[in-house]
Structure formats: C-alpha cells, structure tokens
Amino acid sequence: MNTKIIVLSAMALGMLAPAASAQQGTVNGAAGGAVTGAIVGGPVGAAVGGVVGAIAGTAIDPPPQRVVSYVEQAPLPADPIVVQERIVVGKPIPSAVVLTPIPDSPQYSYAVVNQQRVIVDPQTRTVVQIVR
C-alpha cells in the first residue's frame, strides 16, 4: 500500500516538475527532479533526479516563426563578424559580438557571425537558434 502511494506521488510530481522547470529554469528543474527522484529512489534518486531536472530546466524553446522570418530577411552587415569560438545553441555568444534587437520581440536579438544568422537571448547572450 505504501509503495503505491509513493509511486503515485512520484508520478504526480513527475508530471508537475517539467512544467515548473520549463517556466523557471534550471533551479526549479533541479529541485523538482530531486524531489521526484528522492521519493522514487531515495538519496541516489534525488541526485540523479536533480541532474535530469536541471537539464530539462535549461531546455531552450525555439523562437516564434515571426522572429525567425525577421532574422532571415534582415540585411547582412557591411563588415562580416568572425570569431574563433564555435557558435552553439545553448551557449553564450562571445561578448565581442554586437547584438541587434528585434522590433516587437525584445526578448530576442540577432547577429550574423561566421556567416551564420543567430538568434540570441539578449539578457544572457545565449544562442537560441541558428538560422539556416
């Protein structure tokens, strides 16, 4: 009987944890995963659940299509920007790169780096999408 209650509680928390982590990021993802893991697997489950929850919490949602379309149609800069670092989704763009705000979508900026158009979160400078 107690096992059924624990399993049902874990399932309920497991369904709620991704929603919380998607909205609040890594911290809530790690906390929700740790709680769920602890209920299911004790201390080891808490450690594993915390790591999995943190990863889920940092997942990046793609920008809306209107933002992608804007970046696709934006004119190329006169002077190409080239950096040595590899541009990767989920990683910050080098601080030397100047970001251009996207009108009507202040939560996004863009840049053209190494001949690639990239959409960036201007607050964290994290690359959200590479437009191909």
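Predicted model, so just to flag it, every value in this text is computed and none were measured. (Residues numbered from 1 in each chain as written. Predicted model: local features only at pLDDT ≥ 70, side-chain atom pairs only at ≥ 80, totals over all residues. Heavy atoms only, no water.)

Another point: the overall build of the protein. Within the protein one finds three helices and four strands. The secondary structure elements of the protein, listed N-terminal to C-terminal, are α-α-α-β-β-β-β. Going through the 132 residues of the protein one by one, you find that 33% of them count as buried. For the protein, restricting intrachain contacts to residue pairs at least 6 apart in sequence, the fraction spanning at least 24 positions comes to 52%. On the protein, roughly 8500 Å² of surface is accessible, and the fraction owed to carbon and sulfur atoms is 63%. (Helix = DSSP H or I, 4+ residues; strand = E, 2+ residues; numbered from the N terminus. Buried < 20%, exposed > 50% of the residue type's maximum accessible area, 1.4 Å probe, protein only. Contact = heavy atoms within 4.5 Å. Areas by Shrake-Rupley, 256 points an atom, 1.4 Å probe, with all protein chains shown as cover.)

Our next topic: the sheet that holds strand E1 (residues 100-101). Pairing is antiparallel across the open sheet formed by four strands, whose spatial order is E1-E2-E3-E4. Single-partner strands in this sheet number two, and they are E1 and strand E4 (126-131). Summarising the sheet, E1 and strand E2 (residues 109-113) pair through two bridges and their orientation is antiparallel. For Pro 101, the partnering residue across the bridge sits in E2 and is Ser 109. Where helix H3 (residues 65-73) meets the sheet, it contacts E2, strand E3 (116-121) and E4, and its direction lies at approximately 140° from that of E3. (Pairing = 2+ DSSP bridges. Axes fitted to C-alpha atoms, helices over the stretch in contact; angles between N-to-C directions.)

To continue, consider the nonpolar core. Generally speaking, soluble globular proteins have nonpolar side chains that are buried together. In this structure, Val 83, Ile 87, Ile 93, Val 97, Leu 99, Ala 111, Val 113, Val 118, Val 120, Val 127 and Ile 130 together form the largest nonpolar core, which totals 11 residues. Those elements that provide at least two residues to this core are E2, E3 and E4. For Val 83, the residues in contact, after removing those within four places along its chain, are Pro 94, Val 97, Val 113 and Asn 114. Val 71, Ala 74, Tyr 108 and Val 128 belong to the second-largest nonpolar core, a separate cluster that totals 10 residues. (Core = buried A, V, L, I, M, F, W, Y, C linked by side-chain atoms within 4.5 Å.)

Moving on, we come to the environment of Asp 104. When you line up the elements, Asp 104 lands in the loop between E1 and E2. Classification of Asp 104 by relative accessible area gives exposed; the value is 76%. Each C-alpha atom of the pair Asp 104 and Arg 66 lies 9.9 Å from the other, and the pair is 38 residues apart in sequence.

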